[in-house]
Amino acid sequence: MFLLETTTLILGTWLVMLILFSLRKDFLRKKQGQQLPPGPTPLPLLGNFMVQVNSRMFLKSLLKLREKFGSIYMIYLGPHPVVVLSGYQVLKEALVDQREEFSARGRMAVAEYILQGYGITASNGERWKQLRRFSLMTLRNFGMGKRSIEERIQEEARFLVEALRETKGLPFDPTFFFSRSVSNIICSVVFGNRFDYEDKRFLSLLRNINEIMRFMNSTLGLVFSCFSCVMKYLPGPHHRKLKNLVELKDFVRERVKIHQETLDPSSPRDFIDCFLTRMQQEKENPESEFHAENLVASTVNLFFAGTETVSTTLRYAFLILLKHPKIEDKVHQEIEHVIGRERRPALEDRSRMPYTDAVIHEVQRFADIIPTGLPRTVTQDVKLQGYTIPKGTDVYPLLTTTLHDPEQFSDPKCFNPGHFLDENGSFQKKEAFLPFSTGKRMCPGEGLARMELFLFFTTILQNFTLKPTRDPEDIDLTPELSTAGHLPRAYTLSVLPR
Ligand code: HEM
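Now for a quick tour of the structure. On a predicted model such as this, the values are computed, not experimentally measured, just so you know.

What follows concerns empty space enclosed by the protein. Taken as a whole and judged by the stated rule, the model has nine cavities of 30 Å³ or more. The calculated volume of the second largest cavity comes to roughly 70 Å³. Sorting the residues of the lining of the second largest cavity by element identifies strand S2 (80–85), helix H9 (219–231) and strand S7 (394–397) as the ones contributing at least two each. Along the lines of polarity and charge, the residues of the lining of the second largest cavity split into four nonpolar, two polar and two charged.

Written as structure tokens, this is what we have:
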């Protein structure tokens, strides 16, 4: 007990010093005549966290501060200064017009703790450049945007239809139905194989991913994110939650080992094989970023991002359709008209299915699953709309504010596929549609995600009619958690074969 108290005291003192130091630095910058973005006055230790920024209503608090301070403002999350950007115009001026300056990744406490700055998502500088280039190239070579991956998704969609048939019209929770199928696509790309839906290890990994997602969006997760420098040394329930990611990492390590034992560089099977081959080619180069830590971390990044995002979007999509059966009817009609019942949906159908395409876009806009975007950092002092953002300051690009931009979406709070249709019923793109973000760090999985969303969505609706287990009037579409991520509320549904 004594040891724990002493450790807490030492760490507490260290934290206070750290905060005083960072506040002093900020003060000095102001004195040098640079105009920092406005923002609420931070308290020692907490910054604005728990005061103006409520952990339970994290996103709402950020949007409320926008009303007061405008589209660019600065807050402190614990000791960390963060500049928050809102609105399509400001995001474009930052992430696109100054793409190089805004290209670095900001602090991601969970990823830092487990992956120690390795891997594509949390790295910066030369490491990130090499890993990003390599990942994009390898994803492309393994069929992203090509026919082969389309066939893989079509095959997986058939497995999903089989699994849904086995529910025999009884109510079920769709969470793991979607995540198993979606995850199997990225598994085929990175591990070279899919998993059986009953595979216990696979199911346990999917539960881990779901748990980690919930943790990152919980109050505890936000507290960890603000004070990780202290919390990682303190006992508490966060360690149990973080263990989920450790298990994911262990699994990837095992897979890498198996790949190493069976590697044939002349015939790479997947992402891991390509990375191992590159490691061999560069083994004499001490500067090389192609080493085991970056391999494991990048694979964890792809596995995690490739599973949770698309399956959360699909889960949201079907909840929305349960609430709006008339929209479901119109999608059924379009599928019937363009694809029919016999042939499996293919990507080339998309251009002839403007209504379905608009519904999927509107699902992504409305579900808004990463409302705060992933944090960025500026690589040098930058000017934005007259303010200076000092080098190394974290930036939160609030993607939600572009997805709800009233100038581009007439009724931003409502689900309305008309947002993506012109007066002739043709599909129309919207500049502010940025669920995958924009600029140098924008999502490298966009192409794959869009293919999956279209093929899984249409294949399910080609085969089934959805049946709610409660009155559609009572279905609540507001997210269960609304922090840095949006997750739909838990629900059940039944599906009736068509
Ligand atoms: C509906 C699906 C998806 C959405 C909404 C989404 C959204 C995002 C967003 C907002 C970012 C942050 C970009 C930034 O910093 O500006 C991101 C990054 C990333 N996404 Fe996705 N994503 C999706 C699917 C995928 C898939 C399928 C993969 C895997 C192939 C993937 C892999 C990644 C990776 C590796 C990054 C980090 C990129 C970097 O730091 O350079 N994502 N995603």
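Moving on, there is more to tell.
Here we come to the packing of helix H13 (residues 325–338) against helix H14 (residues 354–367). Where H13 contacts H14, the axes come no closer than 8 Å and their chain directions differ by 140°. The angle between H13 and H14 places the two elements in the oblique class. At the point where H13 passes H14, the crossing takes the left-handed sense. Between H13, through Ile-327, Lys-330, Val-331 and Glu-334, and H14, the contact on the second element is made entirely by Pro-354, Tyr-355, Thr-356 and Val-359.

With that settled, the discussion passes to the nonpolar core. In a soluble, globular protein the nonpolar side chains are often hidden away together inside. Residues Ile-75, Leu-77, Phe-191, Phe-303, Leu-314, Phe-318 and Phe-457 are the most contacted members of the largest nonpolar core, which totals 127 residues. No other element matches helix H12 (residues 292–323), which puts 16 residues into this core. Once residues lying within four places of it in the same chain are set aside, the contact partners of Phe-303 are Ser-183, Ile-186, Cys-187, Phe-191, Leu-205, Ile-209, Leu-248 and Phe-251. Counting residues in each nonpolar core, the second largest holds 16 residues, with Val-83, Ala-94, Val-382 and Ile-389 among its members.

Estimated volume of the largest pocket: approximately 970 Å³. Residue contributions to the lining of the largest pocket peak at six residues, all from helix H2 (residues 58–69).

Quick look at the sheet that holds strand S4 (residues 376–377) now. Strand order in the open sheet formed by five strands is S1-S2-S7-S4-S3, and the pairing between neighbours is mixed. Only two strands of the sheet have a single neighbouring strand rather than two, namely strand S1 (72–77) and strand S3 (104–105). Examined bridge by bridge, S4 and S7 share two bridges and lie antiparallel to one another. Considered in S7, the bridge of Arg-376 is made with Val-395. Those strands touched by H2 are S1 and S7, and its axis lies near 135° from that of S1.

Thresholds, definitions, all that
Residues numbered from 1 in each chain as written. Predicted model: local features only at pLDDT ≥ 70, side-chain atom pairs only at ≥ 80, totals over all residues. Heavy atoms only, no water. 1 Å grid on protein atoms, 1.4 Å probe; cavity = no way out; pocket = protein on both sides within 12 Å on 5 of 7 lines; lining within 4 Å. Points joined across faces, edges and corners; volume = space filled by probe spheres on them. Helix = DSSP H or I, 4+ residues; strand = E, 2+ residues; numbered from the N terminus. Nonpolar A, V, L, I, M, F, W, Y, C, P; charged D, E, K, R; others polar. Axes fitted to C-alpha atoms, helices over the stretch in contact; angles between N-to-C directions. Parallel < 35°, antiparallel > 145°, perpendicular 65-115°, else oblique. Left-handed = near helix turned anticlockwise from the far one by under 90°. Contact = heavy atoms within 4.5 Å. Core = buried A, V, L, I, M, F, W, Y, C linked by side-chain atoms within 4.5 Å. Buried < 20%, exposed > 50% of the residue type's maximum accessible area, 1.4 Å probe, protein only. Pairing = 2+ DSSP bridges.

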